Structures are given as structure tokens and as C-alpha cells.
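# Structure at a glance
Listed here are the chains, written in short residue letters.
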Amino acid sequence: MQKYPTLAVLFLLPLMLYSGNVLSNKQNITLSDDVKHAYVGVETCGMCHKSAQQGEQLNIWKKSAHALAYLALQTPKADSIALTKGFTTKAAETEACLKCHVSGYNIDKELVKAKFKMEDGVQCETCHGAGNDYKSPSIMKDKEKAVANGLIVPADREAFCKGCHNTESPTFISFNYADQWAKIKHYKPGNEK
Ligand code: HEC
Ligand code: HEC
Ligand code: HEC
Ligand code: HEC
């Protein structure tokens, strides 16, 4: 029984070092330890970010691989990657995998509104910050207020993407920013970059 704590530390140490590494790489991605506002989920954002006139961000996201990022952890391939990395849990239950594939998986229930779905993987709020306090029309239309209430609009897009698209990803090969942005690009109408 006395050996137990020592063993637990030995077992957790690689995991702790591993997460430390990812965290130092994170740019301004909303990882669970930073969350100060509640998550509302893509359908809530999508109410106003759906039509062609609004820029169709919801549809663009739905067609992207990011919408499938949680599903990607529920395959035999994912489980075998997790096993190879020394994890004893399934990939979809392993914190070191969830942290780049999902938002809101290990936070206070009060910070997760009913419509939020972890299964939506890398979603609007993973990149733009948890939205409960900026989603109202009067705040949303004033960017300064929205940012003060938790909105994130990544300034250095390439560095931001590389917070997850990096060698910490077990399947990482390379990341060409221009090609990859072209696959998920979305804008405010008239503000193409
Ligand atoms: C009630 C409608 C509404 C909801 C709900 C809403 N938005 Fe918005 N959003 C807007 C409007 C209006 C703008 C301003 C558009 C403009 O300036 O042309 C905006 C702007 C934005 C911007 C651009 C800010 C800038 O000016 O650079 C982002 C990013 C954004 N919303 C993300 C989100 C996310 C993520 C959610 C869900 C958490 C969300 N919005 C929910 C209406 C909404
Ligand atoms: C993988 C991360 C990621 C996801 C997921 C994502 N976005 Fe974005 N979004 C960005 C980046 C990066 C920009 C570009 C910011 C810039 O350079 O102006 C952006 C830009 C925007 C803009 C325009 C901002 C502007 O000033 O022109 C809006 C509006 C927006 N996103 C809304 C959404 C909504 C709504 C969703 C979900 C349906 C979503 N985004 C999903 C990363 C993401
Ligand atoms: C929070 C972590 C995270 C961030 C930030 C992120 N991604 Fe991803 N991205 C993922 C994950 C996880 C996948 C794998 C999803 C899958 O395979 O279903 C992925 C897959 C992709 C894919 C499809 C796979 C491929 O290589 O063709 C593209 C394209 C992509 N991301 C572009 C971007 C761009 C551009 C940015 C920055 C604006 C970005 N991502 C930011 C986590 C992230
Ligand atoms: C640092 C962020 C990060 C971490 C941590 C991470 N992933 Fe990913 N994962 C990504 C990104 C980004 C992609 C898409 C591009 C790539 O492969 O790098 C991805 C893609 C995948 C894919 C899809 C590849 C394909 O064949 O389409 C699987 C499966 C996967 N990851 C499993 C895992 C497992 C299992 C873990 C935990 C042991 C894990 N990931 C941890 C970021 C991450």
C-alpha cells in the first residue's frame, strides 16, 4: 500500500510533462484550464452565422475536418495510437488526446450550457472563446465589447493553428498554413483575408 503513491507519480509524470509541452505551445487556444465563460455550442453561434449574407461560417465549419475531430478519436486507429503512447484508456477518454480534439470536456458543469456538445469536436468556441457572455446581439456587433466578454479573433492565424497542428500530434506530418487555411477559410462578409 505504501508504494502506491510513488507508482502513481511515476505513471502520471510522462503525462504531466506531455501536457506542459502542449500548453506552452498553445498560443491563445481556449484550453479547458483557461475557461472563464460558459460554452453555448455551434448551433447557438450558427443562428447568426449561417446565411450567405452572414458569411456561412456554420456550413463551412460543418464540412470541415474540425467538426469530426471527436469522431476521429473513436476509431480503432485512434485507440491503437493511444495504446502505443502508453495510455491505458481509450483515445476518446484520454485527456492528452481530448485536449486538441475537443472543448469543454473536463470543466465545471456550470460552464457548459445545455446546447453545447463536446461531440462537435474543434468548434467555433474552441477557436473563438466560450461565447455565453459575448453572444448577445448588442455585444456581438461591437467587437471591443465582444473581446472584453471573451471573444477571441486570432491575430496571428498561422501561429494559432500551429498551437494544435504541431509535432505533439501523434499523426502530424507537416502543416502548410496557406493550403490548410484555404480548406477552412471563413470571413465576415467584405473582410476577406
Ligand atoms: C445574435 C446573433 C449572434 C450570435 C448568437 C453570435 N454572433 Fe458572432 N456576430 C454577430 C454579429 C452581428 C457580428 C458582427 C458582424 C459584423 O461586424 O459585420 C458578429 C461577429 C462575430 C465575429 C467577428 C468579430 C470581428 O469583428 O472580428 C466572430 C469571430 C463571431 N461573431 C463569432 C461568434 C461565435 C463563436 C458565436 C457563438 C459563441 C457567435 N459569434 C454568436 C452576431 C452573432
Ligand atoms: C480552427 C479554428 C476556428 C474554428 C473552428 C472557427 N473559426 Fe472562425 N476564425 C478563425 C480564424 C483563425 C479566423 C481569422 C481571423 C482573422 O484573421 O481575421 C476566423 C474568422 C472568423 C470570423 C470573421 C472575423 C473577421 O474579423 O473577419 C467570423 C465571423 C468567425 N470566424 C466565426 C466563426 C463561427 C461562427 C464558427 C463556428 C461555426 C467559427 N468561426 C469556427 C478560426 C476558427
Ligand atoms: C484546438 C486544436 C486545433 C486548432 C487550433 C486548429 N486545428 Fe485544424 N485540426 C485539429 C484536429 C484535431 C484535426 C483532425 C480532425 C479530424 O481528422 O477529424 C484538424 C484538422 C484540420 C484540417 C483537415 C486535415 C488536413 O490536414 O487536411 C485542416 C485543413 C485544418 N485542421 C486546418 C486548420 C487551420 C487552418 C487552423 C488555424 C486557423 C487550425 N486547423 C487550427 C485541431 C486544431
Ligand atoms: C497537439 C494537439 C494534438 C494532440 C495532443 C493529439 N492530436 Fe490527434 N490530431 C491533431 C491534429 C492537428 C490532427 C490533424 C492533422 C495531423 O494529423 O496532425 C489530428 C489528427 C488525428 C487523427 C486523424 C488522423 C487521420 O488518419 O485522419 C487521429 C486518429 C488522432 N489525431 C488521434 C489522436 C490520439 C489517439 C491522440 C492522443 C494519444 C491525439 N490524437 C492527440 C492534434 C492533436
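Small disclaimer: the values here were computed from a predicted structure and weren't measured.

Conventions used here
- Residues numbered from 1 in each chain as written.
- Chains lettered and ligands numbered in written order.
- Predicted model: local features only at pLDDT ≥ 70, side-chain atom pairs only at ≥ 80, totals over all residues.
- Helix = DSSP H or I, 4+ residues; strand = E, 2+ residues; numbered from the N terminus.
- Buried ≥ 20, exposed ≤ 12 C-beta atoms within 10 Å, placed from the backbone.
- Contact = placed C-beta atoms within 7 Å.
- Near = placed C-beta within 6 Å.
- Nonpolar A, V, L, I, M, F, W, Y, C, P; charged D, E, K, R; others polar.
- Core = buried A, V, L, I, M, F, W, Y, C linked by C-beta atoms within 7 Å.
- pLDDT = per-residue confidence, 0-100.

Here the focus is the overall build of the protein. A count of helices and strands for the protein gives 10 helices and zero strands. Relative to its 193 residues, the protein shows a buried fraction of 25%. Excluding contacts between residues fewer than 6 apart, the proportion of contacts in the protein whose partners are at least 24 apart in sequence is 62%.

Close to ligand 4 lie 24 residues, the nearest being Cys97, Cys100, Glu168, Ser169 and Thr171. Elements represented by at least two residues in the shell around ligand 4 include exactly α4 (76-84) and α5 (95-101). Examining the composition of the shell around ligand 4, we find that five residues originate from one element, α5, more than from any other. Residues that form the shell around ligand 4 fall into these classes: 13 nonpolar, seven polar and four charged.

What follows is about the site of ligand 1. Around ligand 1, the surrounding shell holds 17 residues, and the nearest of these are Cys45, Cys48, Cys124, Gly131 and Met140. Looking at the shell around ligand 1, the elements that each hand over two or more residues are α2 (42-46), α6 (124-128) and α7 (137-140). Top contributing element to the shell around ligand 1 by residue count: α6, with three residues. Here the residues of the shell around ligand 1 sort into eight nonpolar, four polar and five charged.

Glancing now at the environment of Tyr70. Among the secondary structure elements, Tyr70 is positioned in the loop between α3 (57-62) and α4. For the pair Tyr70 and Ser103, spaced 33 residues apart in the sequence, the C-alpha separation amounts to 9.6 Å. Beyond its immediate sequence surroundings of up to four residues, Tyr70 is in contact with His101, Val102, Met118, Glu119 and Gly121.

Before going further, it helps to spend a moment on the environment of Met47. Note on placement: Met47 falls in the loop between α2 and α3. C-beta crowding within 10 Å serves as the criterion here: with 11 such atoms nearby, Met47 is assigned to the exposed category. Between the C-alpha atoms of Met47 and Leu58, which are 11 residues apart in sequence, the distance is 8.6 Å.

Turning next to the nonpolar core. Judged by nonpolar contacts, Ala69, Tyr70, Leu73, Ala78, Ala82, Ala91, Ala92, Ala96, Cys97, Leu98, Val102 and Val122 together constitute the single largest core of 12 residues. Those elements that provide at least two residues to this core are α4 and α5. The greatest single-element share of this core, amounting to three residues, is contributed by α5. The next biggest cluster of nonpolar side chains, apart from the first, holds seven residues, and it includes Tyr39, Val40, Val112 and Phe116.

The next point concerns the confidence of the model for the protein. Detailed reading of the predicted model is not advised wherever pLDDT is low. On average, the protein scores 86 in pLDDT, and the residues at 70 or more come to 82%. Considering only residues more than four positions removed or in separate chains, one finds that residues 1-28, a stretch of pLDDT under 50, has 20 contacts.

Right, let's talk about the environment of Cys97 for a bit. One can find Cys97 in helix α5. For Cys97 and Ser169, which are 72 residues apart along the polypeptide, the C-alpha to C-alpha distance reads 8.5 Å. Residues contacting Cys97, with those up to four places away along its chain left out, are Leu73, Ala82 and Ala91.

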